[in-house]
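Next come the chains, spelled out residue by residue.
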Amino acid sequence: MPYVMVQIPRTPVPPAPRSVPTSADVARLAGVSRATVSYVLNNTSAVRISEPTRLRVHEAARELGYVPHAAARSLRAGHSRMVLMPSPTVAAGPLYSQFVHDLQQSLSHLGYTVVQYGASGLRGQEAVRAWAELRPVAVLVPGNGISAEGVAVLKRAGAKAVVALAAEHVPGGHTLILDHTDVGRLAARHLYNAGRRRIGVVVPTERGMDMFSAPRLAGVRAELAGTGATVTELRLAHTEESAVELAARWPDFGLDGVFGYNDEYSLPLMRALQDEGVRIPEDVAVVGADDLLIARLARPRLTSVAIRLPSGPALAELVDRAVHAPGTEAEYRDAIQVALVARESS
């Protein structure tokens, strides 16, 4: 009976996965104790370590690819070096994005890590409990998203600093008051002084924008109260189609001035008005806010209310002070400055 030789190919055996290096591995390679490794890599200043030893530990950690375990370190310390910043409920524009970038850099220089957290639809105390589960050392809450009860929950979970960027003081927490009423006041004052008496105010239709648009509209109304000038709300989405639709109905409003909420809403409306034959500023004066680069590139150049948010280093120092002295009285102060930059559109 004939036999057939069949060669079965050898299946290569994958190499065993390398184990995750530990501080014990670093200690053995550097010839020091695990405690010394911990002191060096955690930048502990309470224990004096010679510079050659520090260099040896860092070199061993680099060679092994070792990084400290953040969760374990947090358990030992009772808190992390994490500063949690819940994401705002509305789209962040260039002004806010730059503010967050500067803050992250400033906190990083102080040894903190900023983590932006998406709440995935959570609101109120439910969101606060989700933040607390991460055991951050500090929480920076944008908008009116936290109450005194929420501050208490975070502090019980170990947060040493809770800072709210809100329209009014939050009891128990540090508060940087971002009152946008003056943005509307300044825009209305400029339009009124330019002789405009029938003033429209853009109110974005996107959900969550009322936290900014409502105080700006209130500022316009307060500034023009008793002057005889009229104020008309203009609902506008941040789309070209919405701007075109609003511009098509412009004769119905009879306006001679408009505060466009901010530059990003003002410019699409301004372009749509021009396409309808409306002259700017001859027929309608337009004022935006934020004073972005696009305001200077528009034709005509857009008048805008410049807004200065708290500086990254100043807010980082406030967080650091609160972390190191959590029992001190909470600070709260006005945190934005506004100035009108007049250009050709008004």
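Here goes a summary of the coordinates provided. (Residues numbered from 1 in each chain as written. Predicted model: local features only at pLDDT ≥ 70, side-chain atom pairs only at ≥ 80, totals over all residues. Heavy atoms only, no water.)

Looking now at the environment of arginine 301. With respect to the secondary-structure elements, arginine 301 resides in the loop between helix 13 (293-297) and strand 10 (303-308). Given a relative accessible area of 32%, arginine 301 falls into the partly exposed group. Put simply, arginine 301 and glutamate 344 are 43 residues apart on the chain and 5.3 Å apart in space, counted from C-alpha to C-alpha. Ignoring sequence-local partners within four residues, the contact set of arginine 301 consists of Ala295, Arg296, Arg343, Glu344 and Ser345. Of note is the side chain of arginine 301, whose polar atom sits 3.5 Å from the backbone oxygen of arginine 296. (Helix = DSSP H or I, 4+ residues; strand = E, 2+ residues; numbered from the N terminus. Buried < 20%, exposed > 50% of the residue type's maximum accessible area, 1.4 Å probe, protein only. Contact = heavy atoms within 4.5 Å. Polar contact = N/O pair within 3.5 Å; in protein donor to acceptor, adjacent residues only side chain to side chain.)

With that settled, the discussion passes to the packing of aromatic side chains. Here a ring pair, both rings aromatic, is described through the centre-centre distance and the interplanar angle of the planes. A complete count under the given rule lists two aromatic pairs for this structure. When the ring of tryptophan 250 is compared with that of phenylalanine 253, the centres are 5.9 Å apart and the planes differ by 70°; the resulting orientation is edge-to-face. Of this pair, tryptophan 250 and phenylalanine 253 both sit in helix 11 (residues 250-253), three residues apart, which is roughly one turn of the helix. The exposure class assigned to phenylalanine 253 is partly exposed, which follows from its relative accessible area of 24%. On the numbers, 5.5 Å between centres and 90° between planes, the contact of tyrosine 261 with tyrosine 265 is edge-to-face. (Phe/Tyr/Trp six-rings, centres within 6.5 Å; stacked < 30°, edge-to-face > 60°.)

A few words on the packing of helix 5 (residues 94-109) against helix 14 (residues 312-324). Put simply, helix 5 and helix 14 touch, their axes get as near as 8 Å, and they point 50° apart. What the angle tells us is that helix 5 and helix 14 run oblique. The hand of the helix 5/helix 14 crossing is right-handed. Within the contact between the two elements, helix 5 uses Phe99, Asp102, Leu103, Ser106 and Leu107 and helix 14 uses Gly312, Pro313, Leu315, Ala316 and Val319. Classifying every residue of the contact of helix 5 with helix 14 by side-chain character gives seven nonpolar, two polar and one charged. (Axes fitted to C-alpha atoms, helices over the stretch in contact; angles between N-to-C directions. Parallel < 35°, antiparallel > 145°, perpendicular 65-115°, else oblique. Left-handed = near helix turned anticlockwise from the far one by under 90°. Nonpolar A, V, L, I, M, F, W, Y, C, P; charged D, E, K, R; others polar.)

Following the sequence through the fold, serine 345 ends up in the segment after strand 12 (337-341). Of the residues examined, serine 345 reaches a relative accessible area of 0% and is grouped as buried. A distance of 2.6 Å separates the side chain of serine 345 from the backbone oxygen of valine 286, its partner in a polar contact. Apart from residues lying up to four places away in sequence, serine 345 is in contact with Met270, Ile280, Pro281, Val284, Ala285, Val286, Pro300, Arg301, Leu302 and Thr303.

Here we take up the pattern of salt bridges. It is possible for side chains of opposite charge to pair when their charged atoms get near one another. Per the stated rule, a full pass over the model turns up 12 salt bridges. The shortest N-O distance in the salt bridge between arginine 198 and aspartate 256 comes to 3.7 Å. One end of the pair, arginine 198, is in strand 6 (residues 198-204); the other, aspartate 256, is in the loop between helix 11 and strand 8 (257-259), with 58 residues separating them in the sequence. When its relative accessible area of 41% is taken as the criterion, arginine 198 is described as partly exposed. Classification of aspartate 256 by relative accessible area gives buried; the value is 10%. In this structure, the salt-bridge partner of glutamate 344 is arginine 301, at a minimum N-O distance of 2.9 Å. On the criterion of sequence distance, the pair formed by glutamate 344 in the segment after strand 12 and arginine 301 in the loop between helix 13 and strand 10 is long-range, its members being 43 residues apart. (Salt bridge = Lys/Arg side-chain N within 4 Å of Asp/Glu carboxyl O.)

By themselves, these are just geometric observations and shouldn't be taken as functional.
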